[in-house]
Amino acid sequence: MPETAIRRRDQDTGAVSDPLIERVRQAEAGLTALLRDAERARELRAEMSAKCSSAVCAWNYFENIPTFYNWNNRPR
Amino acid sequence: MVTRERRVVPGMRGIASVPTYVVMQPTTLCNLNCTYCYLPFRSQQRRMSVRVAAAVAEAVNTWAAERRFSVVWHGGEPLAIGRRHLAELLAPFSSDVEHHVQTNATLIDDAWCEFFAEHRIRVSVSVDGPRERNAYRVDRGGKLSYDRVMAGIAALRRHEIPFSVLCVVSRPEPELAAELYAYFLELGCEVLGINIEEREGVNQRGNAHPEAAVVGFWRELVAAWRRDPRIHVREIEWTLRYVAAVLDDTVDDLLPAQLDPIPTIGYDGSVVLLSPELAGFTDPRYGDFTSGNVLETPLPELLAEPERTPWISEFLAGVEACRATCPYFGFCGGAHAANRYFEHGRFDGTVTDHCRNSKIRLLEGVLEHARDGDPSA
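Residues numbered from 1 in each chain as written. Chains lettered and ligands numbered in written order. Predicted model: local features only at pLDDT ≥ 70, side-chain atom pairs only at ≥ 80, totals over all residues. Heavy atoms only, no water.

*Asks:* Give me the lowdown on the overall build of chain B, citing residues and values where you can.
*Replies:* Along chain B, the regular secondary structure elements total 12 helices and 10 strands. Scaling as 2.2 N^0.38, a compact globule of 377 residues should have a C-alpha radius of gyration of about 21 Å, and chain B matches this with 21 Å. Each principal axis of the C-alpha distribution contributes one length, and for chain B these read about 70 × 45 × 40 Å. Intrachain contacts of chain B at a sequence separation of at least 6 include 73% that bridge at least 24 residues. Surface summary for chain B: the accessible area is close to 14,200 Å², and the carbon and sulfur share equals 48%. In chain B, 40 positive and 51 negative side-chain charges are present, and the distance between their average locations comes to 3 Å. (Helix = DSSP H or I, 4+ residues; strand = E, 2+ residues; numbered from the N terminus. Rg over C-alpha atoms; globule rule 2.2 N^0.38 Å. Contact = heavy atoms within 4.5 Å. Areas by Shrake-Rupley, 256 points an atom, 1.4 Å probe, with all protein chains shown as cover. Lys, Arg positive; Asp, Glu negative; His and termini not counted. Charge placed at Lys NZ, Arg CZ, Asp CG, Glu CD.)

*Asks:* Explain the overall build of chain A residue by residue, including any values.
*Replies:* Looking only at helices and strands, chain A has four helices and two strands in total. In chain A, the succession of helices and strands from N to C terminus is β-β-α-α-α-α. Out of the 76 residues in chain A, the part that is buried amounts to 54%. (Buried < 20%, exposed > 50% of the residue type's maximum accessible area, 1.4 Å probe, protein only.)

*Asks:* Talk me through the pattern of salt bridges; I want residue IDs and the actual numbers.
*Replies:* Think of it this way: side chains of opposite charge can pair up when their charged atoms draw near. Residue and element names in this part refer to chain B. The full count for this structure, using the stated rule, is 25 salt bridges over all chains. Linking Glu320 and Arg323 is a salt bridge whose minimum nitrogen-to-oxygen distance equals 2.8 Å. With Glu320 and Arg323 both in helix 9 (residues 310–325) and three residues apart, the pair spans about one turn of that helix. Classification of Arg323 by relative accessible area gives buried; the value is 5%. One connected set of salt bridges, linked through shared partners, spans Arg285, Glu314, Arg346 and Asp348. (Salt bridge = Lys/Arg side-chain N within 4 Å of Asp/Glu carboxyl O.)

*Asks:* How would you summarise the sheet that holds strand 9 (residues 264–265) of chain B if you had to cite specific residues and measurements?
*Replies:* Residue and element names in this part refer to chain B. In spatial order, the strands read 8-7-6-5-4-3-2-9-10; together these nine strands make up an open sheet with mixed pairing. Both outer strands of the open sheet, strand 8 (232–233) and strand 10 (271–272), are each paired with one neighbouring strand and no more. Relative to strand 3 (residues 70–73), strand 2 (residues 21–24) runs parallel, the two sharing four bridges. Directly across from Val22, in strand 3, lies its bridge partner Val71. In the packing of helix 5 (residues 174–187) onto the sheet, the strands contacted are strand 6 (163–169), strand 7 (191–196) and strand 8, and the crossing angle to strand 6 comes to about 160°. Running at roughly 170° to strand 7, helix 6 (residues 211–227) makes contact with strand 6, strand 7 and strand 8 of the sheet. (Pairing = 2+ DSSP bridges. Axes fitted to C-alpha atoms, helices over the stretch in contact; angles between N-to-C directions.)

*Asks:* Provide a residue-level description of the packing of helix 2 (residues 28–44) of chain A against helix 6 of chain B, including the pertinent values.
*Replies:* A pair of packed helices is characterised by two quantities: the angle between their axes and the separation of those axes. Contact geometry of helix 2 of chain A with helix 6 of chain B gives a least axis separation of 10 Å together with a crossing angle of 45°. In terms of their interaxial angle, helix 2 of chain A and helix 6 of chain B are classed as oblique. Judged by the sense of rotation from one axis to the other, the crossing of helix 2 of chain A with helix 6 of chain B is left-handed. Every residue of helix 6 of chain B that contacts helix 2 of chain A at Ala33(A), Leu34(A), Asp37(A) and Ala38(A) is listed here: Val222(B), Trp225(B) and Arg226(B). Per-class residue counts for the contact of helix 2 of chain A with helix 6 of chain B are five nonpolar, no polar and two charged. (Parallel < 35°, antiparallel > 145°, perpendicular 65-115°, else oblique. Left-handed = near helix turned anticlockwise from the far one by under 90°. Nonpolar A, V, L, I, M, F, W, Y, C, P; charged D, E, K, R; others polar.)

Have a look at this one:
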């Protein structure tokens, strides 16, 4: 992994430098298109209302399935 | 001159005293003998007593009265205990509690489907893709389990019981992704979770893979999903949640404030926190990894001071080490306890091969897909 890729704060400007977040932002155009497609897909699914089609709302769906949603520390 | 200080990713500080679910091991027995399985004692029928279930239910019913709460019947193969005994174990739990079962599906028939419906049990099935991808899922005679799994899934479909799938991928390669996704679309599962095989428990097979192969696997899985996104894919949804939070500038709210203790209750009432994969193991340094037994101490009391269990305080130091050193911490939340132990032999190491395969390269695969543009266009 990139050694420099830890979040840092510029003491002069207060701005946070985080190489991973910067890399995500550099892919913003492609990611935005992907997120838009994902949102459209969720709107078509029966369990999701159009009011709840964001990535966070989609993840909430996984709360129905504990072995799935608790991705950070979960049983396999 | 510009000097910079490290900014700390918030979240995952310590362990919550109330879990969101518990894992129950109704029996150690499994009727299969999958070659990658981490479970010890899976050839032995050690059954959970109703006394253990009642002790767990006492705490769980209180939590479930206040908020959504689930019990996951894991294993061994939980259905191997039989409907009658499983019904006895379910009985102490209030109707507020949601029940889930993770099963190999080989025992599912019409009677089990009626049981699932009667007890409102949600079902997740373990299957690794088309027949030829299930070579490791065998019984004790070495016979493939695939036909029996398909018979079980056919019963679920006949009864219109929705199901999720957990799929173990032993050799992640780009060309496998589209094949797997097409298979699971056809199978009709609602949700798919991909577990890259892990080195843990009694499974000591290595899990180091070439970086390009694993990144390519995730990249191609995203591409396949995007062409027909009818299934929820756990890993893709989580990654989209992360990148959406980055782009919305809300990434600091992403990780939970504290780790979920996820108590696993062994057949005998022993409690292992955080990683069910540690249940049943002992180590000269860490003992049996348990934090007590529900037959001797109420579960809330066992969860009150988790750091009293020596390996857990070492694990929490490991989480802080991940936070301090790993650029992916904000996405991942730290390496899992069992992966640290079974890969490093201790809990305060940081990056594992599981992190590489299932977290780091997942995110990189999604980014690669995004950078390359929409391949379906």
